[in-house]
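Listed below are the residues making up each chain.
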Amino acid sequence: MKNLMDLNILELEDYLLSIGEKKYKAIQIFEWLYIHKVYNIDEFTNIKKELRDKLKSDFNTEFISIKRKEEGSYVSKYLFSLKDSNFIEAVLMEHDYGLSVCISSQVGCNMGCKFCESGRLKKIRNLSTHEMVEQILLIEEDIKKKINSVVIMGIGEPFDNYDNVINFIKIINNPKGLAIGARHITVSTCGLVPKIDEFSNLDLQVNLAFSLHAPNDAIRNSIMPVNKVYNISQVMGAIKRYISKTNRRVTIEYVMLNMVNDSVDNAKELANLLKGLNVYVNLIPYNETSNLEFHKSKRIKEFKDTLMKMGINTTVRKEFGDSISAACGQLRSKEV
Ligand code: SAH
């Protein structure tokens, strides 16, 4: 049986029409779920009993649950258990501009990036839409505050679960849903070219981030197996098409790995690759994990200065996670 929170508003309207109901009731149902936070269909009081019974026979409103929470300064990490006893995690971060949540999109990940804890555990399955929506609902309920921005950068490759991720974005972005502005939603991909192209054609003003992590194919092949399927020039081609279609700036993520991709020459090569494009680089200090042999770069400042001197806008990601093992997948790794 489907969960009622798997449906975006257009799908809910189609469902209502298909059972001979008026489509405006989709808005009422959305308001119960996402504004009033009422999940017992019997309590949808402006909906007549006959339709409530029909909804109950076609959908459930079951929730994932919080298994554990670890709190650090300005950051909390949630471990959720799913109905089938799998685990996923989300991270809540307190920035000066508001609260943001990093959510997971899959149980495990098949991309196999060598430095990433999530990739150590192969994908078990995609998350359904409601399992992504509920990560946000449960965190909001736990902290009694509204989330301002969402990044899809937890466990999983969002474009390997494209349809459910897009549905999730539509639900949280809907004014009658969680009303999180599109500009406050970021989806991060390791570079699945056909999906970047599909994403370019969607009329959503959502931010796109691309995990590049290397200035050339030799280095990228050695740390990211996906590069053997879609190499740097193929992905950069898709990024350029995205920029010209949407006129939106793309974030280039670059995790700083000691002695792997962090030399001044690497920075120069990266600057040449990105020159003239509407992008900015976000340098990510590596979160070390005991299971993997990579280390945090000591040359982040030098790397950043080189990029800036060559005209590339560059920021360094604020570090939150160290104290509470917030590197992607670390909390889950302890459980499985
Ligand atoms: N699969 C998607 C989104 C999930 S990973 C992607 O690849 O973009 C989110 C980001 O965290 C990616 O840029 C990933 O490379 C990076 N990352 C993974 N492990 C990390 C670690 N231990 N420390 C810092 N960043 C890490």
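## Thoughts on the packing of helix 7 (residues 193-200) against helix 9 (residues 232-246)
Then comes step 1: Relative to each other, helix 7 and helix 9 sit at 0°, their axes nearing to 9 Å. Between helix 7 and helix 9, the angle falls in the class roughly parallel. Residues Val-193, Ile-196, Asp-197, Phe-199 and Ser-200 of helix 7 touch helix 9, and the partners they reach there are Gln-234, Val-235, Ala-238, Ile-239, Arg-241, Tyr-242, Lys-245 and Thr-246.
Then comes step 2: A class-by-class count of the residues in the contact of helix 7 with helix 9 yields 7 nonpolar, 3 polar and 3 charged.

## As for the environment of Pro-175
Then comes step 1: Take Pro-175: it is sitting in the loop between helix 6 (162-173) and strand 10 (185-189).
Then comes step 2: On the accessibility criterion, Pro-175 (64% relative accessible area) is exposed.
Then comes step 3: Taking the C-alpha atoms as reference points, Pro-175 and Glu-31, separated by 144 residues in sequence, lie 9.6 Å from one another.

## Quick look at the site of the ligand
Then comes step 1: Around the ligand sit 20 residues in total, of which Glu-157, Ser-188, Ser-211, His-213 and Asn-287 are the nearest.
Then comes step 2: A distance of 2.6 Å separates an oxygen atom of the ligand from a polar side-chain atom of Ser-188.
Then comes step 3: Protein burial of the ligand: of its 540 Å² of free accessible surface, 95% is covered by the chains.
Then comes step 4: When residues of the shell around the ligand are traced back to their parent elements, those giving at least two are strand 10, strand 12 (250-256) and strand 13 (279-285).
Then comes step 5: In terms of residue class, the shell around the ligand is built from 11 nonpolar, 7 polar and 2 charged.

## What to know about the sheet that holds strand 6 (residues 98-102)
Then comes step 1: Taken in spatial order, the 10 strands line up as 3-4-5-6-9-10-11-12-13-14 in an open sheet, and their pairing is mixed. Unpaired on one side and paired on the other, strand 3 (65-72) and strand 14 (314-316) mark the two borders of the sheet. Between one strand and the next, the sheet's axes are offset by a mean angle of 20°, whatever the strand orientation.
Then comes step 2: Pairing between strand 4 (residues 75-81) and strand 5 (residues 87-95): 7 bridges, direction antiparallel. Bridge pairing in strand 5 links Phe-80 to Ile-88.
Then comes step 3: Relative to strand 9 (residues 149-152), helix 6 is tilted by about 180°, and along the sheet it contacts strand 9 and strand 10.

## A look at the domain arrangement of the protein chain
Then comes step 1: The assigned domain composition of the protein chain is domain 1 (2-60) and domain 2 (65-324).
Then comes step 2: Opposite the 14 residues of domain 1 that make contact, domain 2 presents 15 residues.
Then comes step 3: Taken together, the links from domain 1 to domain 2 amount to 2 salt bridges.
Then comes step 4: Between Lys-37 and Glu-140 there is a salt bridge; the shortest N-O distance is 3.4 Å.
Then comes step 5: Where domain 1 packs against domain 2, one counts 7 residue pairs in polar contact (both at pLDDT 80 or more).
Then comes step 6: Of all the elements in the fold, those that place two or more residues in the side of domain 1 that touches domain 2 are helix 1 (9-18) and helix 2 (25-35).

## Examining the pattern of salt bridges
Then comes step 1: Throughout the structure, instances matching the rule amount to 20 salt bridges.
Then comes step 2: A salt bridge links Asp-305 to Lys-301; the nearest nitrogen and oxygen atoms lie 2.7 Å apart. With Asp-305 and Lys-301 both in helix 11 (residues 300-309) and 4 residues apart, the pair spans about one turn of that helix.
Then comes step 3: By relative accessible area, which is 30% here, Asp-305 ends up partly exposed.
Then comes step 4: The class of Lys-301 is exposed, set by a relative accessible area of 60%.
Then comes step 5: Several salt bridges converge on common partners, so that one network encompasses Asp-42, Lys-49, Asp-53 and Lys-56.

Scoring rules and cut-offs
By convention here, each chain's residues receive numbers from 1 onward along its written sequence. The model is predicted, so local features are restricted to residues of pLDDT at least 70 and side-chain atom pairs to those at 80 or more, both for listing and for counting; the totals for chains, interfaces and linings are taken over all residues. Hydrogens and water molecules were not included; the side-chain quantities draw on all heavy atoms of the structure. The angle between two axes is taken between their N-to-C directions and runs from 0 to 180 degrees, where each axis is a line fitted to C-alpha atoms and a helix contributes only its stretch in contact. Counting from the N terminus, the helices are DSSP H or I runs at least four residues long and the strands are E runs at least two residues long. Our angle categories are set so that under 35 degrees counts as roughly parallel, over 145 as roughly antiparallel, 65 to 115 as roughly perpendicular, and the remainder as oblique. Residue contacts are defined here by distance: any two heavy atoms, one from each residue, within 4.5 Å place the two residues in contact. Each residue is assigned to one class: nonpolar for Ala, Val, Leu, Ile, Met, Phe, Trp, Tyr, Cys and Pro, charged for Asp, Glu, Lys and Arg, and polar for all the others, Gly among them. The buried label applies to any residue whose accessible area, calculated with a 1.4 Å probe on protein chains only, is under 20% of its type's maximum; exposed applies above 50%, and partly exposed to all values in between. Each residue is tested against the molecule or strand, and it is near if at least one of its non-hydrogen atoms lies within 4 Å. Two N or O atoms count as a polar contact when they lie within 3.5 Å, although within protein this holds only if one can serve as hydrogen donor and the other as acceptor, and sequence-adjacent residues are included solely when both atoms are side-chain atoms. Reported accessibility uses the Shrake-Rupley method at a 1.4 Å probe radius. Residues are deemed covered only where the shown protein chains occlude them. Following DSSP output, two strands are said to pair if at least two bridges run between them. Annotation comment: domain bounds sourced from an automatic or database domain assignment. The term salt bridge refers to a pairing of a side-chain nitrogen on Lys or Arg with a carboxyl oxygen on Asp or Glu at a separation within 4 Å.

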